[in-house]
Every structure is written in structure tokens, then in C-alpha cells.
Amino acid sequence: MQIPFFSPRKPAATPYQQEFFLGFRDGFPIALGYIPVSFAFGLLAVKGGLPAWVATLISLTNLTSAGQFAGTNLILAGASLLEITFTTLIINLRYLLMSLSLAQKLAPGLTFRERSLMAFGITDETFAVASVARAEISFPYMLGLITGPYLGWGTGTLLGGLVCTLLPANLQEALGITLYAMFIALVVPPAKKSRAISLIIAVAVGISSALAWLPGLRLLSEGWRITIATIVACLFGAAFFPRKEVSK
Amino acid sequence: MAKILLAVALMALVSYLPRVLPVVFLRKKIKSPFFQSFLYYVPYAVLGAMTFPAILYATGDTASALVGFTIALFLAFCEKGLITVALFAALGVYLFQFFLG
């Protein structure tokens, strides 16, 4: 038997640990990116009148950006439970598409429990990174990928809630742009490399702007706008730019 | 407070269901190239639709939001990291509001 302290070399990491570590490494930038965004969420929620622990609870149980921002705004506005639930559901419907897309790349043999657990960690960013970085997604990779962002999302919210009163208003407003800036940083590099992707983004942006600004259509909520724009843009993409290599 | 906690629980439920249902119940791979292509383009379309025009209303006034938007586009075009892009966009908004707002 070896005494761990004096063993001549570290025992080799198991494949499970290696996959977890790879995922954790890929998730680390997402975690850092989440801190200012969730910080802004904590600020806004506490500024609106929620206790910091409730804001943190929302982040740890919802783990979404747009959905929980909208839901929290409605809570603060005193909306009905039905309205809060329905609006959040509509905004989160896009996860159906992401989850469906991710399900195509899962390694074979994942159990029900593994699938249920990793599904909780699907966000726009973890989805985008996992789909772009991996040909086949294993459970430990996904677990590693979502650990950092989950902790970052919760910690940022708590910190934002706690320091809410300390930050000047204009700094709070400036932080409002971080989420969108991060989205831009995610889409621009692949758009530069692919004409199809840039055209699809253009269609999505065009439709979401039209739905936001044209008279009559403005009645749609933001969640509907995003869902409609996504579906139309992806139909356009699938029709005019079908992918040649069929993923395995 | 009870109503707020109930609202949080309902929000959590409707955030989880759309994520878990396809992963758990749709185990067969999709064969159709059309639908495969559709799903492949989803992340890009979602990000585009979520960003614009919402970004214009993210900071309280459109002028400073445009400044942040421009900075983010430029830095993203130079392929800077997520955090760099996010923080410089926020810094740009802050400075613009501080000096010109």
C-alpha cells in the first residue's frame, strides 16, 4: 500500500476526472463573464425591493438571464403568478431548441439522472460552448462546464445584492450592457468565419427589431420576439444553407 | 413574501422543464439534414435576437447604449475574450454618461 504523501508521482487522473477538468476549464471564462451580469441582476433586484437572499435564490434555482430578469421585474411590479409564470416560460422556450440541439451530441449511455442533472445547467453560453467545443458531450464534461458558471452566477448575484446601495446609479446603468456585450463577443467571431451564420444573425436581428418597432407588432413580449425571430432565422438557414456534413 | 417565493418556485419550474424534457425524452438522433441544420443555427439566432434591439435599452439612454454597442462590436470583431468585451463596453458607457450624459 502506498502512503499518498510520499508516493513518487501523482496517481493518473481517471478519464472521468480528465473530462470534468476539461469542462471546468471551458466553463471558467463563462463563470467570469457571469459575475458582472449576475452582479447587475442582484443590484436591480435589491434596488427594486427584494432581499439579497431572495435574489440569490432566484439565480440558484432559475440559472437564466432573460427569463429571471423578466420574471423578477414582474414580481417587483406586483404581477399575478400566472403572468409571471407564463412570461418566464415563453422566454425560456428557446431552451427547448437548445436542449434538443444538445441532445443530438450527447455521448451514448447517459443515465436518466445524469441527463436530468446536466439539463439544469444548459444556458445560452454553456450550450454555445459545449456545442462548439465538443463533437460528443460526456456527462463529466458537462458537469465540469456548468460548475463554474453556476457558482459565478450565484456569487455575483449575492455580491450585487449586498453592495447595491454602495454603487452610484450611473455605474449600475453601465453594468446593464455587460450581458449584451458578452453575447456580441460570442457571435461575432463565428459570424466572421461563416457567411451563413452572419446572414442568419442578420435575419434574426432584423425580425426581432421589426417585432419590437413596427406598429401593431409591438404588443408581443420580448420572449415571443426572441422565439419567433429564432425560428424564422433558423428556417431560413436550414433552407438556404443546409449543413453538408451530417453530425454523427 | 410567500407569494414571492411561490413565484420563484414557478419560475424555476418553467426554466427547468424546457431544458430537461428534450434531453431526457428525445434519445433518438435526428436524421433529417434540414432539422439538423436548423438546430445547428439555433445558438447564433438566439444570441442575435436577444441582443438587438434590447441592447439599445440596456443602459437607461440610447446614446450611451450605442457607444457600448459600438465598442462591443469592435472588440468582438478583434476576437477579444468575453470578459474584455463586456468590461470595456461597460467602461465606455460609464465614461460617456459621466462626461457627456
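Residues numbered from 1 in each chain as written. Chains lettered and ligands numbered in written order. Predicted model: local features only at pLDDT ≥ 70, side-chain atom pairs only at ≥ 80, totals over all residues. Heavy atoms only, no water.

Let's shift gears to the nonpolar core. The biggest cluster of nonpolar side chains holds 78 residues, and the ones touching the most others in it are A:I122, A:M142, B:V42 and B:I55. Counting residues per element, this core draws most heavily on helix α10 (residues 178-193) of chain A, which supplies eleven residues. The two domains that each donate at least three residues to this core are domain 1 (13-175) and domain 2 (194-248) of chain A. Beyond its immediate chain neighbours, meaning those up to four positions away, A:I122 contacts A:Y95, A:M98, A:S99, A:L102, A:F127, A:M142, B:R19 and B:V23. The next biggest cluster of nonpolar side chains, apart from the first, holds 14 residues, and it includes A:A45, A:V54, A:L74 and A:I84. (Core = buried A, V, L, I, M, F, W, Y, C linked by side-chain atoms within 4.5 Å. Buried < 20%, exposed > 50% of the residue type's maximum accessible area, 1.4 Å probe, protein only. Helix = DSSP H or I, 4+ residues; strand = E, 2+ residues; numbered from the N terminus. Domains from an automatic or database assignment. Contact = heavy atoms within 4.5 Å.)

Time to look at a nonpolar patch on the surface. The grouping of B:F88, B:L91, B:L95, B:F98, B:F99 and B:L100 at the surface amounts to a nonpolar patch, some 660 Å² of accessible area in total. Secondary-structure assignment places B:F99 in helix α4 (residues 82-99). (Patch = residues over 30% accessible without salt bridge, like charges linked within 9 Å, V, L, I, M, F, W, Y side chains within 5 Å. Areas by Shrake-Rupley, 256 points an atom, 1.4 Å probe, with all protein chains shown as cover. Salt bridge = Lys/Arg side-chain N within 4 Å of Asp/Glu carboxyl O.)

All names here are of chain A. When cut into domains, chain A gives domain 1 (13-175) and domain 2 (194-248). Placing a centre on the C-alpha atoms of domain 1 and another on those of domain 2 gives a separation of 23 Å. At the interface, six residues of domain 1 touch seven residues of domain 2. Buried area between domain 1 and domain 2, both sides added, is near 560 Å², and the carbon and sulfur share of it is 76%. Summed over the shared surface of domain 1 and domain 2, the result is zero salt bridges. Counting across the interface, domain 1 meets domain 2 through zero residue pairs in polar contact (both at pLDDT 80 or more). Looking at the side of domain 1 that touches domain 2, the elements that each hand over two or more residues are α4 (81-92) and α5 (94-103). The greatest single-element share of the side of domain 1 that touches domain 2, amounting to three residues, is contributed by α4. Considered class by class, the residues forming the side of domain 1 that touches domain 2 number four nonpolar, one polar and one charged. (Buried area = accessible area lost by both parts, 1.4 Å probe. Polar contact = N/O pair within 3.5 Å; in protein donor to acceptor, adjacent residues only side chain to side chain. Nonpolar A, V, L, I, M, F, W, Y, C, P; charged D, E, K, R; others polar.)

Glancing now at the packing of α10(A) against helix α11 (residues 195-213) of chain A. Residues and elements named next belong to chain A. Contact geometry for α10 and α11: axes closest at 5 Å, N-to-C directions at 130 degrees. With respect to α11, the axis of α10 lies oblique. In this structure, α10 uses V187, P190, A191 and K193 to contact α11, whose residues at the interface are R195, I197, S198 and I201. Considered class by class, the residues forming the contact of α10 with α11 number five nonpolar, one polar and two charged. (Axes fitted to C-alpha atoms, helices over the stretch in contact; angles between N-to-C directions. Parallel < 35°, antiparallel > 145°, perpendicular 65-115°, else oblique.)

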